[in-house]
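Remarks on the overall topology
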Amino acid sequence: MDFNLTREQELVRKMMRSFTENEVEPIAAETDRTSEYPAETIDKLFRYGVMGMVVPKEYGGAGADDVCGAIAIEEISKACASTGDIVATHNGLCCGPIMKHGTPEQKAKYLPMLTSGHVGAFALTEPNAGSDASKGTTTAVLDGDHYVLNGSKIFITNGYVADIFVVFAMTDPSKGTKGISAFIVEKDFPGFSVGKHEEKMGLHGSPTAEIVFTDCIVPKENLLGVAGKGFSIAMQTLDGGRIGIAAQALGIAEGAMAKAMEFTKSRVQFGKPISKFQNTQFKFADMQVAITAGQYLTYAAAAKKGEGKRFTLDAAMAKLFTSENAMKITTECLQMFGGYGYTKDYPIERMMRDAKITEIYEGTSEVQRIVISGNIL
Ligand code: CAA
């Protein structure tokens, strides 16, 4: 077993670190303050091959491996978790299922779009189907050469900027999870509209919205995978997405720790920098252990995904561990800043707000514990 990153993976980290320092960090606070989608940064990420990073080169992607994909999200999220989220959703939740379950025609049509400027999203959650994801009521009825979709989806990341959505709907409500199917839906299909834009506690630059289907016409050839296999496609996609959120959580924790180390070295109280107090040092020691352990869990899950093995348990463990540590670490780091940490003069309060969502979306911590215990018992 090789625990070292490859030359390519190290290079991706170096490149993404430099991109983040130059392009992401300078606008992160303003993005949070204005809640503006960082359109220019995302355009650059398309040009640099990060949007669609793991898509094969034949479809315009960078053809990178899954560990590289996780490292890119980790590095971006050190400075801006919103940008990390936009990339993670696009790559993991939209490109991912089309790469895995798409027909050759679907891949030939949609993957080049998703690597050249068209943003992707994933629409599963409904008002009464959150953790209990199979209870959605959006329907898809076959009518000749097309399906007619009716219903709505909420909390959709990239919701009001995306062009292409992977959508889950009931094709046979009598069959429960076996009556759910997946579709590729374009925002310009008749009957598609965007509803409420969410105002959130954190991730202000990540565009979250409701999407609505009113007799939405979806060509029959846009059924993704086999009819009735949609729930399994959703779960497999979320297995991959959870690696992305683990990487995002890692990045948030690392970013917060770096800011806190810098601050505690210059903040003098009781006659010495507060980094000289053993209480501070021991806290940083514990944070470093949690971050390093989280990296091993996350990269191991990504590597297993790349090998084509089942990685459901690995992804759930990585997401659970890193997200709970991101919350703990950002909270501890804010405490080190004292009153300054509670102000908007420092990025630490934003990092703490951003960390919280990693314990909630793409499966709450409780759902990860259901998945983990279900896989080991
Ligand atoms: N891979 C493949 N198939 C899977 C699977 C997986 N990881 N997990 C379950 N399945 C299959 C099962 O094998 C089973 O198939 P059979 O009936 O053929 O045996 C079927 O799916 C049903 O499985 P369960 O009985 O385990 O399903 P459940 O209804 O009990 O649900 C759950 C289990 C783990 C709680 C699941 O509902 C879940 O993950 N919920 C959380 C949903 C979630 O993460 N939502 C996030 C939304 S997206 C988002 O947040 C992004 C955004 O844009 C904001």
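Residues numbered from 1 in each chain as written. Predicted model: local features only at pLDDT ≥ 70, side-chain atom pairs only at ≥ 80, totals over all residues. Heavy atoms only, no water.

1. Topic: the overall build of the protein
Per the secondary structure count, the protein includes 10 helices and 10 strands. The C-alpha radius of gyration of the protein comes to 21 Å, within 12% of the 21 Å expected for a compact globule of 377 residues. Overall size of the protein, expressed as C-alpha extent along the three principal axes, is 80 × 45 × 40 Å. Residues classed as buried in the protein amount to 54% of the 377 residues present. Partitioning the intrachain contacts of the protein with sequence separation of at least 6 by distance along the chain shows that 74% fall at a separation of at least 24. Here the protein has roughly 16900 Å² of accessible surface; of this, 55% comes from carbon and sulfur atoms. The distance from the centre of the 39 positive side-chain charges to the centre of the 45 negative ones in the protein is 5 Å. (Helix = DSSP H or I, 4+ residues; strand = E, 2+ residues; numbered from the N terminus. Rg over C-alpha atoms; globule rule 2.2 N^0.38 Å. Buried < 20%, exposed > 50% of the residue type's maximum accessible area, 1.4 Å probe, protein only. Contact = heavy atoms within 4.5 Å. Areas by Shrake-Rupley, 256 points an atom, 1.4 Å probe, with all protein chains shown as cover. Lys, Arg positive; Asp, Glu negative; His and termini not counted. Charge placed at Lys NZ, Arg CZ, Asp CG, Glu CD.)

2. Remarks on the site of the ligand
The full set close to the ligand counts 24 residues, and Ser-131, Lys-178, Asp-239, Arg-242 and Glu-362 are the nearest of them. In this structure, Thr-157 approaches the ligand through a side-chain N or O atom, which is 3.0 Å from an oxygen atom. Here a nitrogen atom of the ligand sits 3.4 Å away from a polar atom, N or O, in the side chain of Thr-312. Mapped onto the shell around the ligand, the elements with two or more residues apiece are strand S3 (146–157), helix H6 (230–266) and helix H10 (365–376). With seven residues, the top contributor of residues to the shell around the ligand is H6. Here the shell around the ligand is composed, by residue class, of 10 nonpolar, nine polar and five charged. (Near = heavy atom within 4 Å. Polar contact = N/O pair within 3.5 Å; in protein donor to acceptor, adjacent residues only side chain to side chain. Nonpolar A, V, L, I, M, F, W, Y, C, P; charged D, E, K, R; others polar.)

3. Considerations on the pairing of S3
Look at any regular strand and the pattern is simple: side chains alternate between the two faces of the sheet. Across the 12 residues that make up S3, a large majority, nine, are buried. Bridge analysis of strand S2 (residues 139–143) against S3 gives five bridges, and the strand direction is antiparallel. By the bridge assignment for S3, Ala-140 is matched with Leu-149. Between S2 and S3, which pair antiparallel one after the other, the connecting turn spans two residues, and Gly-144 there sits at a positive phi close to 70°. As judged from the nine bridges shared by S3 and strand S7 (residues 208–219), these two strands associate in the antiparallel manner. Note that in S7 the partner of Tyr-147 across the bridge is Val-218. (Pairing = 2+ DSSP bridges.)

4. Focus on the pattern of salt bridges
Summed over all chains, the structure comprises 23 salt bridges. One salt bridge in this structure joins Lys-187 and Asp-163, with 3.1 Å as the shortest N-O distance. Separated by 24 residues along the polypeptide, Lys-187 in the loop between strand S5 (180–186) and strand S6 (192–197) and Asp-163 in the loop between S3 and strand S4 (164–170) bring together distant segments of the chain. Residue Asp-163 is classed as buried on the basis of its relative accessible area of 14%. Salt bridges sharing common partners tie together Arg-13, Arg-17, Glu-74, Glu-75, Lys-78 and Glu-254. (Salt bridge = Lys/Arg side-chain N within 4 Å of Asp/Glu carboxyl O.)

5. Quick look at the nonpolar core
Buried together is how nonpolar side chains tend to be arranged in soluble globular proteins. Within the largest apolar cluster, 75 residues are counted, with the highest numbers of intra-cluster contacts made by Leu-45, Ile-98, Leu-149, Phe-165, Phe-168 and Val-185. It is helix H3 (residues 66–79) that contributes the most residues to this core, eight residues altogether. Residues in contact with Phe-165, not counting those within four places in the same chain, are Ala-121, Ile-156, Gly-159, Phe-183, Ile-184, Val-185, Lys-187, Phe-192 and Ile-211. Leu-203, Met-327, Ile-329 and Tyr-361 belong to the second-largest nonpolar core, a separate cluster that totals 27 residues. (Core = buried A, V, L, I, M, F, W, Y, C linked by side-chain atoms within 4.5 Å.)

6. Concerning a nonpolar patch on the surface
A cluster of nonpolar side chains, Met-1, Phe-3 and Tyr-296, forms an exposed patch at the surface whose accessible area comes to about 460 Å². Structurally, Met-1 can be placed in the segment before helix H1 (7–34). (Patch = residues over 30% accessible without salt bridge, like charges linked within 9 Å, V, L, I, M, F, W, Y side chains within 5 Å.)

7. Section: the domain arrangement of the protein
You can read the domains of the protein as domain 1 (7–114), domain 2 (120–229) and domain 3 (232–376). Using only C-alpha atoms to locate each centre, domain 2 and domain 3 end up separated by 30 Å. Carbon and sulfur atoms supply 74% of the area that domain 2 and domain 3 bury against each other, a total of about 1000 Å² over both sides. It is Met-201, Leu-203 and Lys-229 in domain 2 that bury the most area against domain 3; as a group they hold 46% of the surface buried on that side. (Domains from an automatic or database assignment. Buried area = accessible area lost by both parts, 1.4 Å probe.)

8. Focus: the packing of aromatic side chains
Within the structure shown, the criterion is met by 11 aromatic pairs. Their ring planes at 70° and their centres at 5.9 Å tell us that Tyr-340 and Tyr-346 sit as a pair that is edge-to-face. The exposure class of Tyr-340 is partly exposed, given its relative accessible area of 39%. With a relative accessible area of 29%, Tyr-346 lands in the partly exposed category. Among the aromatic residues, ring-to-ring pairing joins Phe-263, Phe-337, Tyr-340 and Tyr-346 into one connected group. A cation sits over an aromatic face here: Lys-272 above Phe-277, 4.6 Å from the ring centre. (Phe/Tyr/Trp six-rings, centres within 6.5 Å; stacked < 30°, edge-to-face > 60°. Lys NZ or Arg CZ within 6 Å of the ring centre and 35° of its normal.)

9. A short note on the packing of H3 against helix H7 (residues 278–306)
Remark: H3 packs on H7, axes separated minimally by 7 Å, with the N-to-C direction vectors making an angle of 140°. From H3, Asp-66, Val-67, Ala-70, Ile-71 and Glu-74 reach across to H7, where they touch Gln-295, Thr-298, Tyr-299, Ala-302, Ala-303, Lys-305 and Gly-306. Taken together, the residues of the contact of H3 with H7 break down into six nonpolar, three polar and three charged. (Axes fitted to C-alpha atoms, helices over the stretch in contact; angles between N-to-C directions.)

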